[in-house]
Structures are given as C-alpha cells and as structure tokens.
Amino acid sequence: MSDEEIKLPKLLIKREPDKYWDVQRTYSYSNLELFLYIITGGRGIGKTTSCLLDVCNRWLKYEEEFVYLRRYKEETKKQYTMLDQIMTEVKTVGMGEGTFKWICNKKRMGYALTLTLQQTYKSGVDFSKVTTLIFDESILMPGGMLRYLPNEIDSFLELISTIFRHRKGYRIFI
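Residues numbered from 1 in each chain as written. Predicted model: local features only at pLDDT ≥ 70, side-chain atom pairs only at ≥ 80, totals over all residues. Heavy atoms only, no water.

Some remarks on the overall build of the chain
Worth spelling out the cut-off: The helix count covers DSSP runs of H or I at least four residues long, the strand count covers runs of E at least two residues long, and both are numbered beginning at the N terminus. Throughout, the radius of gyration refers to the C-alpha atoms, and the reference size of a globule is 2.2 Å times the residue count to the power 0.38. In this scheme, a residue with accessible area under 20% of its type's maximum is buried, one over 50% is exposed, and one in between is partly exposed, where area comes from a 1.4 Å probe on protein chains only. Contact definition: two residues touch when any of their heavy atoms are within 4.5 Å. Surface accessibility in these figures is a Shrake-Rupley result with a 1.4 Å probe; residues are shielded only by whichever protein chains are displayed. When charges are counted, Lys and Arg contribute as positive and Asp and Glu as negative, whereas His and the chain ends are disregarded. For this purpose, a charge sits on NZ of Lys, CZ of Arg, CG of Asp or CD of Glu.
Looking only at helices and strands, one finds four helices and seven strands in the chain. Listed N to C, the secondary structure of the chain is α-β-α-β-α-β-β-β-β-α-β in terms of helices and strands. Scaling as 2.2 N^0.38, a compact globule of 174 residues should have a C-alpha radius of gyration of about 16 Å, and the chain matches this with 16 Å. If one aligns the C-alpha atoms of the chain with their principal axes, the spans along those axes are about 50 × 40 × 35 Å. Counting over 174 residues, the chain shows a buried share of 43%. Contacts spanning at least 24 positions in sequence make up 66% of the contacts within the chain whose residues lie at least 6 apart. Within the structure as shown, the chain displays about 10600 Å² of accessible surface, and the carbon and sulfur contribution to it stands at 53%. Within the chain, one finds 27 positive and 22 negative side-chain charges whose respective centroids are separated by 1 Å.

Shown next as structure tokens:
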C-alpha cells in the first residue's frame, strides 16, 4: 500500500451507555437550545471518552472539528497521543507552545489548546469548522497542585468568542 492510499479510519471504542456516562443523553435536551454542559462525576465513568467518541463520530459523519482545551500547557502536552486510543489513522501535529492539531487522511479533525495561551489564537488559526469545545479537567479539587487562573473566566469567554464568533449551533462541555 502506498503512502498516497487513504485508509478508512475506525473508532477503537464502542459506546456502552449502560456502563459509562453517555454524551448522547445530553442531546435529548436539544429542543431547549442548550449549548453549555457542565459534566461532573467520579473518575473513570467515561466523561472525556464519551465526549471524544462523539467528536470523532461527528468528524467522520459531517467533518465537524473540535477543540480540546486544558488550562496549562504542561497538561495539554500530556494529551498528545490521546486520540490514538479512540480512532485509527489519526496523526498528531505540533503547533508550538505545547499545542497541536489532529489530522486524519490529510484533513484536520481538531485542536488541543491551552487556556493560558488563548490570546495567541485570535489570528492564524482556522476555527470555522469547529462545533464542539471540550474543556477537560476544568473543575479543580480544593488544595490540589493546580490553581485556577486569575482571569480564567474572562480568558475562557474570550476563547469561546474567538472560536465561535457569531455562529450558533455549537456545544461546550466543561
């Protein structure tokens, strides 16, 4: 098989709604025009995995892109191979400063960004196909090693404005 041949990507994980939290339930409320979902729960119940399966499915069906967000670049860097366990044929390409994008069959799927760098994304990054933002590990445990940013809410709202501009029909998972 030559490098030019395109392999069809496959999801490596199947949804198990009876065993893990399932993002599909949140969409049953779509008639309310909700766009912001705050998901909490114990470790290992599938919050991140379900959201990632959803954005990969949406990319496969509609070529909708996504943003995966962490607070600090050290956290973002650790997610470099995250999609390798979710879907085949995904390549991770660094964008500098610990951020990167995921590519499948020469098409962009989404970005991994860092909230502390949100002001650098205002130009030069194409968010026009992004429909979902996942802010992972956003709620911090009291007394933990990580801290909220002094201007975190303002930075988050600025990033939302940068990504979605005046568009409608987007989803944000915190």
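Considerations on the layout of surface pockets
Let me state the cut-off plainly: Lining residues are defined by having an atom within 4 Å of a point belonging to a cavity or pocket. Those points lie on a 1 Å grid over the protein atoms alone, cavities being sets where a 1.4 Å probe fits but cannot get out and pockets being open sets with protein on both sides within 12 Å along at least five of seven lines. Grid points are joined across faces, edges and corners, and a volume is the space filled by probe spheres set on the points.
Empty space within the largest pocket amounts to approximately 730 Å³. In this structure, the largest pocket is lined by 28 residues; those nearest its centre are Gly41, Lys47, Glu137, Ser138 and Ile139. At the level of secondary structure, the elements contributing two or more residues to the lining of the largest pocket comprise helix H2 (47-62) and strand S6 (130-135). The biggest single contributor to the lining of the largest pocket is H2, with four residues.

Observations concerning the sheet that holds strand S3 (residues 90-96)
Across a sheet, paired strands are connected by hydrogen bonds in the backbone, their directions being either parallel or antiparallel. We apply this condition: A strand pair is defined by DSSP finding two or more bridges across the two strands. In this analysis, axes come from line fits to C-alpha atoms, helices being fitted only over the stretch in contact, and the angle between any two N-to-C directions falls in the range 0 to 180 degrees.
Spatial strand order, S1-S7-S6-S2-S5-S4-S3: seven strands in an open sheet with mixed pairing. Every other strand in the sheet has two partners, leaving strand S1 (36-37) and S3 as the edge strands with one partner each. Here helix H4 (residues 152-164) sits on the sheet and contacts strand S2 (65-70), S6 and strand S7 (171-173); the angle it forms with S6, its principal contact strand, is near 160°.

So, a nonpolar patch on the surface
To keep it simple, the criterion reads: Patch construction takes residues with relative accessible area above 30% that form no salt bridge. Like charges are linked within 9 Å, and nonpolar side chains (Val, Leu, Ile, Met, Phe, Trp, Tyr) are linked within 5 Å. Between Lys or Arg on one side and Asp or Glu on the other, a salt bridge is scored when a side-chain nitrogen of the former is within 4 Å of a carboxyl oxygen of the latter.
On the surface, a nonpolar cluster with roughly 500 Å² of combined accessible area is contributed by Phe35, Leu36, Ile38, Ile139 and Tyr148. Structurally, Leu36 is set in strand S1. Its relative accessible area of 39% is what places Leu36 among the partly exposed residues.

Section: the side chain of Thr131
Structurally, the position occupied by Thr131 is in strand S6. A relative accessible area of 16% places Thr131 in the buried class. Thr131 has contacts with Glu64, Glu65, Phe164, Gly169, Tyr170 and Arg171, leaving out every residue within four places of it along the chain.

What about the pairing of S3?
With six bridges connecting them, S3 and strand S4 (residues 99-104) associate as antiparallel partners. In the strand pairing of S4, Lys91 is matched with Ile103.

Points about the nonpolar core
In a soluble, globular protein the nonpolar side chains are often hidden away together inside. Applied cut-off: Put simply, buried Ala, Val, Leu, Ile, Met, Phe, Trp, Tyr and Cys residues joined by side-chain atoms within 4.5 Å make one nonpolar core.
Grouped together as the largest cluster of nonpolar side chains are 25 residues, with contacts concentrated most on Leu52, Phe66, Leu83, Met87, Trp102 and Met109. Elements with a minimum of two residues in this core: H2, S2, S4 and strand S5 (107-114). Ranked by the residues each element gives to this core, the list is headed by H2, at six residues. Discounting chain neighbours no more than four positions away, the residues touching Phe66 are Leu52, Val55, Leu83, Trp102, Met109, Gly110, Tyr111, Val130 and Thr132.

A short note on the confidence of the model for the chain
Cut-off, in case you're wondering: Summary of the metric used: pLDDT quantifies the predictor's per-residue confidence within the range 0 to 100.
When pLDDT is averaged along the chain, the result is 87; 94% of the residues meet or exceed 70. Averaged over each element, pLDDT in the chain is lowest for helix H1 (residues 24-27) (74) and highest for S2 (97).

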